[in-house]
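Next come the chains, spelled out residue by residue.
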Amino acid sequence: MAETQGKVITCKAAVVWGPKEPLVIQEICVDPPQKMEVRLKILYSSICHTDLGCWNGTNEAERAFPRILGHEAVGIVESVGEGVKDVKEGDYVIPTFNGECGECKVCKREESNLCERYHVDPMKRVMVSDGGTRFSTTTDKDGRSSQSQPIYHFLNTSTFTEYTVLDSACVVKIDPNAPLKQMSLLSCGVSTGVGAAWNIAKVKEGTSTAVFGLGSVGLAVSEGARARGASRIIGVDANASKFEKGKLMGVTDFINPKDLTKPVHQMIREITGGGVDYSFECTGNVDVLREAFLSTHVGWGSTVLVGIYPTPRTLPLHPMELFDGRTITGSVFGGFKPKSQLPNFAQQCMKGVVKLEPFITNELPFEKINDAFQLLRDGKSLRCILQISKLLKR
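Just so it is clear, the structure is predicted and the values come from calculations on it, not from any experiment. Numbers given for residues are sequential positions, taken from 1 along each chain in its written order. Only residues with pLDDT of at least 70 get local features here, since the model is predicted, and only at 80 or more are side-chain atom pairs given and counted; chain-wide, interface and lining totals rely on the full set of residues. Water and hydrogen atoms were dropped before computing side-chain values, which therefore reflect all heavy atoms in the structure.

Visitor: Explanation requested: the UniProt feature "domain: Alcohol dehydrogenase-like C-terminal" (unreviewed entry) in the protein chain in the structure shown.
Guide: Residues annotated by UniProt as "domain: Alcohol dehydrogenase-like C-terminal" (unreviewed entry) correspond here to residues 217–343. When the span residues 217–343 is considered, its composition is 33% helix and 16% strand, and the gap between its end C-alpha atoms is 20 Å. UniProt positions are given in the numbering used here, feature names are shortened, and annotations may be inferred rather than shown by experiment. Secondary structure elements follow DSSP: runs of H or I no shorter than four residues count as helices, runs of E no shorter than two count as strands, and numbering proceeds from the N terminus.

Visitor: Can you walk me through the pairing of strand E2 (residues 24–30) in this structure?
Guide: The two faces of the sheet receive side chains in turn, since in a regular strand these alternate between them. Here E2 shows a clear split, with Val24, Gln26, Ile28 and Val30 buried on one side and none of Ile25, Glu27 and Cys29 buried on the other. When strand E1 (residues 9–15) meets E2, the two strands line up antiparallel, connected through seven bridges. Within the sheet, the bridge partner assigned to Ala13 lies in E2 and is Gln26. Strand pairing follows a simple DSSP-based rule, namely that at least 2 bridges must link the two strands. Where E2 lies against strand E6 (residues 135–139), two bridges are found, and the strand directions are antiparallel. Looking at the pairing, Cys29 lines up with Ser136 of E6. Exposed residues in this analysis have more than 50% of their type's maximum accessible area, buried residues have under 20%, and partly exposed residues fall in between, with area computed by a 1.4 Å probe over protein chains only.

Visitor: Looking at this model, I keep getting lost on helix H4 (residues 216–227). Mind explaining?
Guide: Every α-helical turn comprises 3.6 residues, leaving residues that sit three or four positions apart pointing alike. Multiplying 1.5 Å by the helix residue count minus one yields the expected span of that helix. In a regular helix each residue adds 1.5 Å, so 12 residues correspond to 16 Å; H4 covers 16 Å between its end C-alpha atoms and thus fits that length. Counting buried residues along H4, 10 of its 12 residues qualify, which places the element largely inside the surrounding structure. The complete set of buried residues in H4 reads Ser216, Val217, Gly218, Leu219, Ala220, Val221, Ser222, Glu223, Gly224 and Ala225. If you follow the buried residues of H4, they end up packed against helix H3 (189–200), strand E10 (208–212), strand E11 (232–236), helix H5 (242–248), strand E13 (278–281) and strand E17 (383–387). Once H4 ends, the next one or two residues include Gly229, with phi positive near 90 degrees. Any two residues having at least one pair of non-hydrogen atoms within 4.5 Å are treated as being in contact.

Visitor: I keep staring at the environment of Pro95 and nothing clicks. Help me out?
Guide: Considering the arrangement of structural elements, one finds Pro95 in strand E5 (residues 92–95). Judged by relative accessible area, Pro95 falls into the buried class, the value being 0%. Non-local contacts of Pro95, meaning those with residues more than four positions away in its chain, are made with His71, Ala73, Val74, Thr157, Thr159, Leu166, Cys170 and Ser187.

Rendered as structure tokens:
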């Protein structure tokens, strides 16, 4: 890697040129890291629904093309910019879309993981230090030569590329002996779900939970609740095939709303004797959110918002409903402070406290990235792992 330090690297990346257009594998240029930045060689990356949402162009305000998507990954440090002290060349790391500078007033408090400078920002498309990008290309989407143009970043990360540049606040060092493919899951989905159960709801042994939406994040919530000793985990999803996977991650009961003649919350109240202790809304649907809220027990029920809500609609609650003692709160990255807490979480995963293997349902080469997107769109994949670069030795 010493041969490339301080130099522009030419490598392959999957570039999206417009909403819903196929990703194009093409050569790009990746600049050296600037002050407090890190350049990574990406080894494995997986695809999340957040990538799919940006690719779809659902939110016009978030659109910026050409762009390199991807935010769940694992890699190795190729070089570091001035001032970077906590990682060095050769370290194994995971990128995180939600950073931690360790110096701002938020980072110094236990109550929040939303770093003032490097918190998640879907609108962000350039680097913090100078407002520029570290990616560029001299070819268009059809491979024809063109003037050099910038390629935009995505969610502080951009991992669908052999090399990427991140703010050092968004790079977390992990155990070099960790299973790398599985560690990529900690960049987003698994940490978001497990953390919602552990850090936000603080699920206790012997309690009951309801998880609305059994995609990767919802199943991670279930796995987190199982690991904390929840005695009953009710999975709610309109896709009955998800129950088999859910049982591997602690789901004890399954409710398919299509099979009911009554609201889901009524069914949950009936079978639990008044409602669950905790509910988690993982679909990003405000109507489902109301069902999740009403499914909790009067007096102490807690609802955690985990899904992303693209709708302009507001909370479907009347203020007086909060006087029943139920609470509702949001969650970003499961409440984990990435640099402070993720290394320990990774160690717990390595010890089997949280099972990561069931989340990986598909593996494909980088060149098949469009097939991986299709698997996710069709609901046939939890996480598809793409091998972005080969690891020569370890």
